[in-house]
Amino acid sequence: MDMDAVSFEQLVVDELDRLPDDMVDGLDNIVFVVEDRPEDGTLDLLGLYDGWALTERERYGTGELPDRIIVYRESHLAVCETLDELQDEVHTTLVHEIAHFYGIDDDRLHELGWA
């Protein structure tokens, strides 16, 4: 599948808008970023939460840089064949990375079907 960076970023924004309000209302000091691929150059990673989970924050909130949720465009395009698949995979990636913000680990996400 092929999609330019601008179209993919709009797809991510659209999928963010589709997430339930109670999932996104609690997000604090976090930005969503689209990058082509992970720093190591592989296509193995679809997304990344870069920050401190809510459950690990003690003195958080005074001057810290925002946490980031990164969605990797080329990784998604490599595993999806259709637009529907791409939308579903981006949605799953966003839920997965937002869950990390809330302190939910990969094991629990696997149990819930979001990994």
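Residues numbered from 1 in each chain as written. Predicted model: local features only at pLDDT ≥ 70, side-chain atom pairs only at ≥ 80, totals over all residues. Heavy atoms only, no water.

Regarding its fold elements, the chain presents five helices and three strands. Walking the chain from its N terminus toward its C terminus, one meets helices and strands in the order α-α-β-β-β-α-α-α. A compact globule built from 115 residues would reach a C-alpha radius of gyration of about 13 Å, and the chain, at 14 Å, matches this within 12%. When its C-alpha atoms are laid out on the principal axes, the chain stretches across 45 × 30 × 30 Å. By residue count, 32% of the 115 residues in the chain fall in the buried class. When the accessible area of the chain is evaluated, it comes to approximately 7100 Å², of which 47% is carbon and sulfur surface. (Helix = DSSP H or I, 4+ residues; strand = E, 2+ residues; numbered from the N terminus. Rg over C-alpha atoms; globule rule 2.2 N^0.38 Å. Buried < 20%, exposed > 50% of the residue type's maximum accessible area, 1.4 Å probe, protein only. Areas by Shrake-Rupley, 256 points an atom, 1.4 Å probe, with all protein chains shown as cover.)

Another aspect to go through is the sheet that holds strand β1 (residues 30-35). If you walk across this open sheet you meet the three strands as β1-β3-β2, and the pairing is mixed. At either margin of the open sheet sits one strand with a lone partner, and together these are β1 and β2 (47-50). The sheet shows a mean angle of 15° between the axes of neighbouring strands, taken without regard to direction. Inspection of the sheet shows β2 paired to strand β3 (residues 67-72) by four bridges, in the antiparallel sense. Bridge assignment links Tyr-49 to a residue of β3, and that residue is Ile-69. Where helix α1 (residues 5-18) meets the sheet, it contacts β1 and β3, and its direction lies at approximately 145° from that of β1. Taken strand by strand, helix α4 (residues 83-101) contacts β1, β2 and β3, and its axis lies near 20° from that of β2. (Pairing = 2+ DSSP bridges. Axes fitted to C-alpha atoms, helices over the stretch in contact; angles between N-to-C directions. Contact = heavy atoms within 4.5 Å.)

Taking 1.5 Å per residue, 19 residues should reach 27 Å; α4 reaches 27 Å between its end C-alpha atoms and fits that length. Listing the buried residues of α4 in full gives Leu-86, Val-90, Thr-93, Leu-94, Val-95, His-96, Glu-97, Ile-98, Ala-99, His-100 and Phe-101. In the segment just after α4, Gly-103 is the residue with positive phi, at about 95°. (Expected span 1.5 Å × (residues − 1).)

Moving on to the packing of aromatic side chains. Tallied over the entire structure, the rule returns two aromatic pairs. On the basis of an interplanar angle of 80° and a centroid distance of 6.2 Å, the ring pair of Tyr-49 and Phe-101 is categorised as edge-to-face. Of this pair, Tyr-49 sits in strand β2 while Phe-101 sits in helix α4, and the two are 52 residues apart along the sequence. Their ring planes at 80° and their centres at 5.0 Å tell us that Phe-101 and Tyr-102 sit as a pair that is edge-to-face. (Phe/Tyr/Trp six-rings, centres within 6.5 Å; stacked < 30°, edge-to-face > 60°.)

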